[in-house]
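Descriptive structure summary
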Amino acid sequence: QVHLVESGGGLVQAGGSLRLSCAVSGIIFSGQGQAMGWYRQAPGKQRELVATVSRGDRTDYQDSVKGRFTISRDNAKNTVYLQMNSLKPEDTAVYYCNGVPTFVGRGREVWGQGTLVTVSS
């Protein structure tokens, strides 16, 4: 069973930075070619994928975060990171990491608890 633990969120002023981390257990994602992603869910909105990193470190971003967010992975540590710079109030959300596509266990998607990012104006 995959287990995901996100951390690093907090309250920051607009223009500030945060670095999120996600520890992944239950799968050796480097060996299985697993792409990983960061998702976010803002209040009243659906969860959305904002950044993806492949096993070969190819990255892809949602237009709204391009040039501000950087996703990376440390395969030796089974950890995924999201460096967020120039944060905006509209980046406020609970951030989750997961596989791309998402991990499934016992017939349902597996999610961690997420980490809350709040950006004040």
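In case you missed it, the structure is sitting above this.
Residues numbered from 1 in each chain as written. Predicted model: local features only at pLDDT ≥ 70, side-chain atom pairs only at ≥ 80, totals over all residues. Heavy atoms only, no water.

**Some remarks on the overall build of the chain**
When its secondary structure is counted, the chain shows 0 helices and 12 strands. Computed over C-alpha atoms, the radius of gyration of the chain comes to 14 Å, within 12% of the 14 Å expected from 2.2 N^0.38 for 121 residues, which places it in the range of a compact globule. In the chain, buried positions account for 45% of the 121 residues. When contacts within the chain are restricted to residue pairs at least 6 apart in sequence, those whose partners lie at least 24 apart make up 56%. Here the chain displays about 6400 Å² of accessible surface, and carbon together with sulfur accounts for 47% of that area. (Helix = DSSP H or I, 4+ residues; strand = E, 2+ residues; numbered from the N terminus. Rg over C-alpha atoms; globule rule 2.2 N^0.38 Å. Buried < 20%, exposed > 50% of the residue type's maximum accessible area, 1.4 Å probe, protein only. Contact = heavy atoms within 4.5 Å. Areas by Shrake-Rupley, 256 points an atom, 1.4 Å probe, with all protein chains shown as cover.)

**Details of the nonpolar core**
Among the nonpolar cores identified, the biggest contains 29 residues, and W38, I71, L82, M84 and Y95 are the most heavily contacted of them. Taken together, the elements giving at least two residues each to this core come down to β3 (18-25), β4 (36-41), β5 (48-53), β7 (69-74), β8 (79-84), β9 (93-99) and β12 (115-120). Examining the composition of this core, we find that 4 residues originate from one element, β3, more than from any other. (Core = buried A, V, L, I, M, F, W, Y, C linked by side-chain atoms within 4.5 Å.)

**Digging into the environment of W111**
On the secondary structure map, W111 appears in the loop between β11 (108-109) and β12. Since its relative accessible area comes to 23%, W111 is described here as partly exposed. Measuring from C-alpha to C-alpha, the distance between W111 and Y96 comes to 7.4 Å, with 15 residues separating the pair along the chain. Apart from the residues lying within four places of it in its own chain, the contact partners of W111 are L4, Y39, R47, Y96, C97, N98 and T102.

**Some words on the packing of aromatic side chains**
Within this structure, the stated rule accounts for 2 aromatic pairs. Here the aromatic rings of Y39 and W111 are separated by 5.1 Å at their centres, their planes lie at 85 degrees, and the arrangement is edge-to-face. Taken as a pair, Y39 in strand β4 and W111 in the loop between β11 and β12 lie far apart in primary sequence, 72 residues in all. By relative accessible area, Y39 is classed as buried at 9%. Their ring planes at 75 degrees and their centres at 5.6 Å tell us that Y96 and W111 sit as a pair that is edge-to-face. On the criterion of sequence distance, the pair formed by Y96 in strand β9 and W111 in the loop between β11 and β12 is long-range, its members being 15 residues apart. Exposure remark for Y96: the relative accessible area of 11% places this residue in the buried category. If you follow R47 out to its NZ or CZ, it ends over the ring of Y96, 4.5 Å from the centre. Positioned above the aromatic ring of W111, the side-chain terminus of R47 is 3.7 Å from the ring centre. (Phe/Tyr/Trp six-rings, centres within 6.5 Å; stacked < 30°, edge-to-face > 60°. Lys NZ or Arg CZ within 6 Å of the ring centre and 35° of its normal.)

**Here we look at the pattern of salt bridges**
Enumeration over the complete set of coordinates arrives at 4 salt bridges. Between D91 and R40 there is a salt bridge, with the nearest N and O atoms lying 3.0 Å from each other. Here D91, found in the loop between β8 and β9, pairs with R40, found in strand β4; they are 51 residues apart in sequence, far enough to count as distant. Across the pair K66 and D63 runs a salt bridge, and its minimum N-O distance is 3.1 Å. Sharing partners across several salt bridges, the network here consists of R40, E48, R68 and D91. (Salt bridge = Lys/Arg side-chain N within 4 Å of Asp/Glu carboxyl O.)

Functional significance is not addressed by these values, which are geometric in nature.
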